[in-house]
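Listed below, chain by chain, are the residues.
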Amino acid sequence: MDRVSAFDEPLKKLLGGATAKVMAEHLDLHTVGDLLHHYPRRYEERGRLTALADLPLDEHVTVVAQVADARVLMFNNGRGKRLEVTLTDGHGRLQLVFFGHGVHKPHKELLPGRRAMFAGKVSVFNRKMQLAHPTYQLLDAESVDGAEATEAVDAFAGRLLPIYPACKQLDSWRIAKAVDTVLPSAQEVVDPLPPALREGRGFTPLPEALLKVHRPQTKADIAEARDRLKWDEAFVLQVALARRRYADTQLPAVARRPTPGGLLDAFDAKLPFTLTEGQQKVSREIFDDLATEHPMHRLLQGEVGSGKTMVALRAMLGVVDAGGQAAMLAPTEVLAQQHHRSITEMMGELAEGGMLGGSEQGTKVVLLTGSMGVAARRQALLDLVTGEAGIVIGTHALIEDKVQFHDLGLVVVDEQHRFGVEQRDALRSKGKQPPHLLVMTATPIPRTVAMTVFGDLETSVLDQLPAGRSPIASHVVPAKDKPHFLSRAWERVREEVENGHQAYVVCPRIGDDEDDAAGKKAKKKAPEEDGDKRPPLAVLEIAEQLTKGPLAGLRIEVLHGRMNPDDKDDVMRRFAAGDVDVLVATTVIEVGVNVPNATAMVIMDADRFGVSQLHQLRGRVGRGSAPGLCLLVSEAHEAGPARARLSAVAATLDGFELSRIDLEQRREGDVLGQAQSGVRSSLRMLTVIDDEEVIAAAREEAVAIVAADPELARLPQLRTALDALLDKEREQYLDKG
């Protein structure tokens, strides 16, 4: 078997069809290389039991524990049977439960005093932590089938038992067996690191690192293997990014320098306030980039309300001054319409170029969305192709083939994470030469993530809030444990409205027919199996309850993504005008909605949202001079990870701190964002949040190597690794970043 193909060998050949199918479908592992890079999540020591007290709720876990007692209970007048087994680690306890026909075998095997590995999903039933129908493997030699137990003990002869990320269909010890089958192939792997770099940094050779990470004899083996494998991931990724940046510097672009005394100067002259120091600094960085003859690729990150739109607008005006056009791409129609409204308001008569009463220096600012009428759309398309419109704001309707520009010079993408990479690329291809690109996000991104996810973009950060923004107080409302807290939350909303302010109530789902079909499916689960699951709260139901109950008499409206765009716009306009007291909405209000008079927000089922999403939503209140209030309502278990997440959001308004917490909690996830790449992440060992030094050092080495040899002609092994790690799709993803 040649050195490359050992890693590419399909698992089906070595493990058989059934196991390979489960691995492909549930763990996304297809080749020998995939399985060798599926590293243990942690290691248990043979003689030690797992600490049961701090198991994470709703996660698939593997534990080593001892049976304390077991008993069979009858229910349904003796028709149903249930086996309850209590496990202990000497301190905490954990309940196992088996139903129906699944009772017989464990009842014979799980006797008090027995030790075993158990795998299942942690849930809460009657306020106790439990695993329902776990799989298990006995670890003591006195088990019923002596041969099987001896084999189990031999398989884990080392003191350290590797515990793999597993799934319901395939538990950790079966994955360990499969790894044993493919481990010999690790000897034939190509080492991607240039020999000088490997020796200079004293790294273990790759075959040895793979052996030590899967079958360590000592804890030192694990540390040594991890150091090496982390470095590989960081380094290969940084080389790919460095090559992208290098290629971008080779692309031509038109330099766009604003005309003195032109549109930008006229706009600055009529601003009623001065820009913050941060805005001035970031604007200088952007204008320096725009003045060069290769495309700007810049990421602008700033907290909600830090004035990113103002910075982007000035960049767009500068490009129009220089004879080009600028396009701003927004993720939703509501947001595109709002950007259009706020930009035309900020510009005043400067947005009416060529119109009666418009300014001499002005330009046309057009809106282009999918739901526009035919006539308005035709006019907008005409304004773009003739160059009459200097600025266009739209949704992905901008990307359609029909849309032609006169001379597209700058693309501004709002809320990067909502856009597929292909969409941005399609818009970029509309320029005669590649246009400059400015990507904006209100989700703060820690430096290491920016270096990894957006490693081909230069980064600018706006970290000051403009004057006049008010503090926001946030509190968790435990609706289940303390129902009177929820009653008090509605009283607080009423008080805000009585003081002349407005409020949002946010729910995770809409509650119409399409939604309900999914909800009913969720409800069908056997009540025995599913402790406290219910469908997430819905906008339409909550709006009705509030209208009849705690907020009766207030003007309540709903807003969600399936409404007709004109109705959505009408509701938003009336809310902005103060004609609606309480807006019950889905996360359509997450970005860009600006109503300074809205001071309170109640987020229902807040544990169903991610940290950065909660932070974004909260940024909708406290936008005026009155302080903001955000109440996070949750029925989540007090000790669970969901409540910890909410407490973290309530404790700080610092988005960078929260994004760090978010990453720490989602570390099993794909750092490169599944939605962005659509390809499995290459990061297995690297936790972007903890490995800042590794990433920074790898970036430095990568930049030096690419500068000396952009094609990597002298490093064929590194090229091979790059091709394997960044298969074509991921390479394209980086291409378009």
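Described in the following lines is the structure provided in the data block. It should be emphasised that the depicted structure is a prediction, and the values quoted were computed from it without experimental measurement.

**Things to note about the packing of helix α10 (residues 219-249) against helix α26 (residues 692-708)**
Stage number 1. For the pair α10 and α26, the least separation of the axes is 8 Å and the interaxial angle reads 45 degrees. When the axes of α10 and α26 are compared, the pair comes out oblique. The handedness of the crossing between α10 and α26 is right-handed. Residues K230, W231, A234, F235, Q238, V239, A242, R243, R245 and Y246 of α10 form the contact with α26, whose participating residues are V694, I695, A697, A698, R699, E701, A702, V703, I705 and V706.
Stage number 2. Considering only residue class, the contact of α10 with α26 consists of 14 nonpolar, one polar and five charged.

**Considerations on the sheet that holds strand β14 (residues 436-441)**
Stage number 1. An order of β11-β12-β10-β13-β14-β9-β15 is seen for the seven strands of this open sheet, with the pairing classed as parallel. Edge positions in the open sheet fall to β11 (364-368) and β15 (458-462), since each of these has one partner strand only. Across this sheet, the average inter-strand angle for adjacent strands is 20 degrees, counted without regard to direction.
Stage number 2. Packed on one face of the sheet, helix α14 (residues 333-347) meets β10 (325-329), β11, β12 (389-394) and β13 (408-414) and runs near 170 degrees to β11.
Stage number 3. Sheet strands in contact with helix α15 (residues 374-386) are β10, β11 and β12, and its direction is about 130 degrees off that of β11.

**Description of the nonpolar core**
The nonpolar side chains of a soluble globular protein tend to be buried with one another.
Stage number 1. By size, the foremost hydrophobic cluster in this structure holds 39 residues, and its most contacted members are M316, M347, I391 and L410.
Stage number 2. The contacts of L410, once residues within four sequence positions are left out, are L290, M296, A315, M316, V319, Q325, A326, A327, P435, H436, L437 and L438.
Stage number 3. Counting 32 residues, the second largest nonpolar core, distinct from the first, contains L160, A186, V189 and A225.

**Details of α10**
Stage number 1. Between its terminal C-alpha atoms α10 stretches 45 Å, which fits the 45 Å expected from 31 residues at 1.5 Å a residue.
Stage number 2. For α10, the buried fraction is high: 22 of the 31 residues fall into the buried class.

**Some details on the packing of aromatic side chains**
Stage number 1. Within this structure, the stated rule accounts for five aromatic pairs.
Stage number 2. Between the aromatic rings of F98 and Y136, the centroid separation amounts to 6.5 Å while the plane-to-plane angle is 80 degrees, which identifies the pairing as edge-to-face. A residue pair is termed long-range when its members are at least 10 positions apart, and F98 in strand β4 (residues 93-99) and Y136 in strand β7 (residues 135-138) qualify at 38 residues.
Stage number 3. Plain terms: the ring middles of F203 and W231 are 5.5 Å apart, the flat faces sit at 35 degrees to each other, and that makes the pair tilted. Of this pair, F203 sits in the loop between α8 (195-200) and α9 (206-214) while W231 sits in helix α10, placing them 28 residues apart in sequence.
Stage number 4. Its relative accessible area of 17% is what places F203 among the buried residues.
Stage number 5. Given a relative accessible area of 3%, W231 falls into the buried group.
Stage number 6. In this structure an aromatic cluster arises from ring pairing among F98, F118 and Y136.

**Things to note about the sheet that holds strand β18 (residues 556-559)**
Stage number 1. Reading across the sheet, the six strands line up as β16-β21-β20-β17-β19-β18 and stay open at both edges, with parallel pairing between neighbours. The sheet is open, and its two borders are formed by β16 (472-478) and β18, each paired with just one other strand. Shown here is a sheet whose adjacent strand axes are inclined to one another by a mean of 20 degrees, direction ignored.
Stage number 2. Pairing between β16 and strand β21 (residues 628-634): seven bridges, direction parallel.

What counts and what doesn't
Along each chain, residue indices are assigned from 1 in the same order as the chain's sequence is written. Totals for whole chains, interfaces and linings use every residue, but because this is a predicted model, local features are given only for residues with pLDDT of at least 70 and side-chain atom pairs only at 80 or more, for both listing and counting. Only heavy atoms go into the side-chain values, all of them from the structure, while hydrogens and water stay out. All axes are obtained by fitting lines to C-alpha atoms, using only the stretch in contact for helices, and the reported angles, taken between N-to-C directions, cover 0 to 180 degrees. Strands here are runs of E lasting at least two residues and helices are runs of H or I lasting at least four, both read from the DSSP assignment and numbered beginning at the N terminus. Put simply, angles under 35 degrees are roughly parallel, angles over 145 are roughly antiparallel, angles from 65 to 115 are roughly perpendicular, and the rest are oblique. Left-handed is the label given to a crossing in which the near helix is rotated counterclockwise from the far helix by less than a right angle, and right-handed is the label when the rotation is clockwise. Contacts are assigned to residue pairs that have any heavy atoms within 4.5 Å of one another. Note on residue classes: Ala, Val, Leu, Ile, Met, Phe, Trp, Tyr, Cys and Pro are nonpolar, Asp, Glu, Lys and Arg are charged, and everything else, Gly too, is polar. Strand pairing is assigned whenever DSSP identifies at least 2 bridges connecting the two strands. Remark: nonpolar core denotes a set of buried residues (Ala, Val, Leu, Ile, Met, Phe, Trp, Tyr, Cys) joined through side-chain atoms within 4.5 Å. Under the scheme applied here, a residue whose accessible area is under 20% of the maximum for its type counts as buried, over 50% as exposed, and between as partly exposed, the area being computed with a 1.4 Å probe on protein chains only. One less than the residue count of a helix, multiplied by 1.5 Å, gives the span that helix is expected to have. Planes of paired rings set the category: under 30 degrees apart is stacked, over 60 is edge-to-face and the rest tilted, where pairs are Phe, Tyr or Trp rings (Trp by its six-membered ring) whose centres lie within 6.5 Å.

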